[in-house]
Structure formats: structure tokens, C-alpha cells
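Survey of secondary and tertiary structure
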Amino acid sequence: MVYPSSDLPPPISRVPLHEEVTTRLRDMIVEDILKPGERIQELEIASQLGVSRTPIREALKVLASEGLVEMLPLRGAVVKAFTAKDAQDMLKVIAQLEALAGSEACQASDADIAHVLSLHADMKLHYQQRNRHDYFALNQQIHNAIVSLARNVTLSSLHAILSKRMRRIRYTGNALPSNWDEAMQEHEEMAQALQARDAARLARIMRQHIENTWPRIAQVKEKAQEAI
């Protein structure tokens, strides 16, 4: 069948290979498969993913720009290791950025708020199924979506940089079931505040949600030490 030029169907969307590889490597870092300080073996990863070294190298450049990977002389690509002070400093800034976003997001359109609430509903299903990988992916989408509702390019840019660097640490914070339960409850409260367009409440909850990250990390580390 030949379509008239005005009736052409939309093109089939294909994700470029290096983007898919970047996502896979990012997930491996976030989920602690590739650990902080560990050298990333390009040939080994390429073999595991069934690709050449070229998309691996392109992906590593992207991850280096996000602050998840360091390119070191003689060692190559190494998973970035943040000190406790680094992480706490970045989380403090993210908390303030998300509080600002929360105070502005309640002015968004009904459609935009409904989209965030839909993401929340999907995330809650993954929580109930104890699917932490997909839960966390939607969790990050929700935070980014609320920041976007603030309609502040500077805020969005700063938040994007820091949230990518803290992705692995924030994922680790939900390793304990009790931590995950608390985080989910905070998201429930965020959704309720957004739906009610209660800007002050949403700002407060979002700030507290991020401020609770480091204590949760500390609990995970404490439990890990007890298991040794």
C-alpha cells in the first residue's frame, strides 16, 4: 500500500544502541552490580551485552558526564565513589531544589498533575509487587516530573545533574523493607498534597523525603556490618 504524503504513518521509533547500552550500564551501577571504585571492563561488558566496544565507550562518556563514572589515566573507566560528605552535601541541595519545585508545581494544569498521579499509581503497583527495579525507575520519573512542573529551567538543570549522581545511593536506601515502606508512605503524602494543590505541604514533604535518604542509607550500612 502506498500512502499519500499527507497520510504517512508515524515512523517506527528505535532506541539507538548506545542509548540502550547506557541505560543498561547505568542500571548496573545504580543496582550495585558495578560497585564504587570498580574498573569497568569494556571487553567483558561488551561480551555480556552482545555488542562491540564502540557503544560501550559512547555510553561511558555519557555516564562520565552524569558523574557516575570517572575516566582515570592508566585505569580507564571507574565507577565513581562518593564520600559520605559528598553524598550528604548533594542530598541537602537536592532537598532544597525539590522543596522549591513542590511549592511551584501546584500551579500546573490539571492534565499535568493527573500525569504525575498516574505515574504514582503505577509505581504503587510495583511497590505492592515488590519490584524494586521498576518501582525506582518510576520513582525517579515522578521526582523529575514534579520538578518539570515548576517551569524553571535553572532548577531543572541543577536537579538533573545532582539526581543522576545520587541515583545509586537513593536506590540503596530502599534495600531494607522498612525503609521502602516509609519512602512509599512519603510518596503517598506527596501525591495527596499535589492533588490538593497544597503547595506548602508538598514542599515540606518533598524536602523531608530527601532529607530522610541519608538516615536510611546509614541503616542499610549498619545492617550490612551486623551481617559480617
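As the structure is a computational prediction, the values presented were derived from the model and not from experiment. (Residues numbered from 1 in each chain as written. Predicted model: local features only at pLDDT ≥ 70, side-chain atom pairs only at ≥ 80, totals over all residues. Heavy atoms only, no water.)

Focus: the overall build of the protein
A count of helical and extended segments in the protein gives 11 helices and two strands. The secondary structure elements of the protein, listed N-terminal to C-terminal, are α-α-α-β-β-α-α-α-α-α-α-α-α. For the C-alpha atoms alone, the extent of the protein along its principal axes is close to 70 × 50 × 35 Å. In the protein, buried positions account for 41% of the 228 residues. Restricting the contact set of the protein to residue pairs at least 6 apart, pairs at least 24 apart contribute 71%. About 12,500 Å² of surface is accessible on the protein, with carbon and sulfur atoms providing 53% of the total. (Helix = DSSP H or I, 4+ residues; strand = E, 2+ residues; numbered from the N terminus. Buried < 20%, exposed > 50% of the residue type's maximum accessible area, 1.4 Å probe, protein only. Contact = heavy atoms within 4.5 Å. Areas by Shrake-Rupley, 256 points an atom, 1.4 Å probe, with all protein chains shown as cover.)

Looking at the side chain of His-120
Looking at the secondary structure, you find His-120 in helix H5 (residues 110–128). A relative accessible area of 9% places His-120 in the buried class. In terms of polar contacts, His-120 uses its side chain to reach the side chain of Glu-188, at 3.1 Å. When near neighbours in sequence (up to four residues on either side) are disregarded, His-120 contacts Ile-142, Met-184, His-187, Glu-188 and Ala-191. (Polar contact = N/O pair within 3.5 Å; in protein donor to acceptor, adjacent residues only side chain to side chain.)

A look at the pairing of strand E1 (residues 69–72)
One ladder, built from four bridges, connects E1 with strand E2 (residues 76–79); its direction is antiparallel. From the neighbouring strand, Met-71 faces E2, where its bridge partner is Ala-77. (Pairing = 2+ DSSP bridges.)

Observations regarding H5
Here H5 spans 27 Å end to end across 19 residues, near enough to the 27 Å set by a 1.5 Å rise per residue. Every buried residue belonging to H5 is among Ile-113, Val-116, Leu-119, His-120, Met-123, His-126 and Tyr-127, and all of these are buried. Buried residues in H5, looked at end-on, bunch into an arc of 130 degrees, giving them a common side. Within H5, the exposed residues directed more than 90 degrees away from the buried face are Asp-110, Ala-111 and Gln-128. Lining the buried residues of H5 we find helix H4 (84–105), helix H6 (132–149) and helix H9 (177–195). (Expected span 1.5 Å × (residues − 1). Arc of directions from axis to C-beta.)

Details of the confidence of the model for the protein
Per-residue confidence for the protein gives a mean pLDDT of 91; residues scoring 70 or more make up 93%. A low-confidence stretch, residues 1–9 (pLDDT under 50), is modelled with two contacts involving residues beyond four sequence positions or located in other chains. (pLDDT = per-residue confidence, 0-100.)

With respect to the packing of helix H1 (residues 17–30) against helix H2 (residues 42–49)
At a closest axis distance of 12 Å, the pairing of H1 and H2 adopts a crossing angle of 110 degrees. In terms of axis orientation, H1 runs roughly perpendicular to H2. The hand of the H1/H2 crossing is right-handed. In contact with Val-21, Arg-24, Leu-25 and Met-28 of H1, H2 contributes Ile-45, Gln-48 and Leu-49. Residues of the contact of H1 with H2, tallied by class, amount to five nonpolar, one polar and one charged. (Axes fitted to C-alpha atoms, helices over the stretch in contact; angles between N-to-C directions. Parallel < 35°, antiparallel > 145°, perpendicular 65-115°, else oblique. Left-handed = near helix turned anticlockwise from the far one by under 90°. Nonpolar A, V, L, I, M, F, W, Y, C, P; charged D, E, K, R; others polar.)

Here we look at empty space enclosed by the protein
Here the idea is plain: a probe the size of a water molecule rolls over the atoms and shows the empty space left. Counted under the stated rule, the structure contains three cavities of 30 Å³ or more. Reported here for the largest cavity is a volume of approximately 120 Å³. In terms of lining residues, the largest cavity is bounded by Phe-136, Asn-139, Arg-170, Gly-173, Asn-174, Ala-183, His-209, Ile-210, Thr-213 and Arg-216. For the lining of the largest cavity, the secondary structure elements donating two or more residues are H6, helix H10 (199–211) and helix H11 (213–227). (1 Å grid on protein atoms, 1.4 Å probe; cavity = no way out; pocket = protein on both sides within 12 Å on 5 of 7 lines; lining within 4 Å. Points joined across faces, edges and corners; volume = space filled by probe spheres on them.)

Digging into the layout of surface pockets
Empty space within the largest pocket amounts to approximately 290 Å³. Arg-26, Asp-27, Ala-137, Gln-140 and Arg-167 are the residues nearest the centre of the largest pocket, which is lined by 15 residues in total. Within the residue set of the lining of the largest pocket, elements represented by two or more residues are H1, H6 and helix H8 (167–172). Per-element tally for the lining of the largest pocket: the top contributor is H6, with six residues.

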